[in-house]
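# Inside the fold
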Amino acid sequence: MSHWYTRLTDYFPEKEMKSKRHFEILFHEKQGIYQLEESPGHVLVYFEHSDFIFIDYILVTGNNRGNGRGSKILDQLKRKGKAIILEVEPVTLIDPDSEKRIRFYEKNGFLKMESIRYERIHMVTNELNKMDIFCWSPVHRTEHWVYNQMKAVYDEVHAFKAGELYKRNPQPVSDVLWMEELMIVNA
């Protein structure tokens with residue numbers, strides 16, 4: 001029997017989790033596109049679009065961390081030749097692993113999309129969830145391109161059937177995602 005959902009809820013904060021029913025609907029209605037991969041050492045949930053992959057959740061369990069398993073999982077996805085986009089909790093003192101996660105993604109070639117802002121109110125807890133967006137790509141992709149893909153991810157994954165599942169309308173994508181102009185200062 002699979003324990004992927006329990007493993008995810010044990011690790012990820014509630015404000016980052018979907019309900020189990022939400023996952024089940026995504027797996028069923030987006031079969032072959034929204035996928036689960038599980039082993040004793042990891043859980044990977046991702047959305048595969050024609051020209052990018054969105055990692056919704058990646059978890060390498062305790063004893064399996066630090067031995068290259070996470071990098072191998074990312075390398076397996078990179079071999080598909082598509083951009084990979086993911087959300088990462090910003091560095092915070094509350095979660096000592098937050099800095100390690102960011103270093104892990106940067107070590108694996110992911111770049112933070114500095115101009116993209118992502119702030120979503122959780123459908124159950126009503127907590128504000130701010131995330132940084134990171135991307136790896138085999139070819140150059142602009143932050144604007146990543147932003148447009150994240151809008152699709154929000155609609156096709158995070159907000160998919162959310163109204164009927166959570167009995168409230170999801171936030172409009174324009175309230176969740178936006179791009180900021182970055183000021184370049186010459187020293």
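Here, every reference points to the structure presented above.
Residues numbered from 1 in each chain as written. Predicted model: local features only at pLDDT ≥ 70, side-chain atom pairs only at ≥ 80, totals over all residues. Heavy atoms only, no water.

## Let's talk about the overall build of the protein chain
When helices and strands are tallied, the protein chain shows seven helices and eight strands. On the principal axes, the C-alpha backbone points of the protein chain span a range of 60 × 40 × 35 Å. For the protein chain, buried positions account for 47% of its 187 residues. Intrachain contacts of the protein chain at a sequence separation of at least 6 include 64% that bridge at least 24 residues. A total accessible area of about 10,200 Å² is found for the protein chain, and carbon and sulfur atoms account for 51% of it. (Helix = DSSP H or I, 4+ residues; strand = E, 2+ residues; numbered from the N terminus. Buried < 20%, exposed > 50% of the residue type's maximum accessible area, 1.4 Å probe, protein only. Contact = heavy atoms within 4.5 Å. Areas by Shrake-Rupley, 256 points an atom, 1.4 Å probe, with all protein chains shown as cover.)

## Here's the deal with empty space enclosed by the protein
Within this structure, the stated rule accounts for two cavities of 30 Å³ or more. Lining the largest cavity we find Glu16, Met17, Lys18, His22, Tyr57, Arg120, His122, Met123, His158 and Tyr166. Class assignment for the residues of the lining of the largest cavity results in four nonpolar, three polar and three charged. Of the volumes computed, that of the second largest cavity is approximately 50 Å³. (1 Å grid on protein atoms, 1.4 Å probe; cavity = no way out; pocket = protein on both sides within 12 Å on 5 of 7 lines; lining within 4 Å. Points joined across faces, edges and corners; volume = space filled by probe spheres on them. Nonpolar A, V, L, I, M, F, W, Y, C, P; charged D, E, K, R; others polar.)

## A closer look at the layout of surface pockets
Roughly 730 Å³ of volume is contained in the largest pocket. The wall of the largest pocket is formed by 35 residues, among which Tyr11, Ile58, Arg101, Phe104 and Tyr105 lie closest to the centre. Among the secondary structure elements, those contributing two or more residues to the lining of the largest pocket are strand E3 (52–60), helix H3 (69–78), strand E4 (83–88), helix H4 (97–107) and strand E7 (128–136). Sort the elements by how many residues they give to the lining of the largest pocket and H4 lands first, with seven residues. Of the residues contributing to the lining of the largest pocket, the split by class is 13 nonpolar, eight polar and 14 charged.

## A look at the side chain of asparagine 108
Its location among the elements puts asparagine 108 in the loop between H4 and strand E5 (111–112). Since its relative accessible area comes to 9%, asparagine 108 is described here as buried. If sequence neighbours within four positions are ignored, asparagine 108 has contacts with Ser71, Leu74, Lys78 and Trp136.

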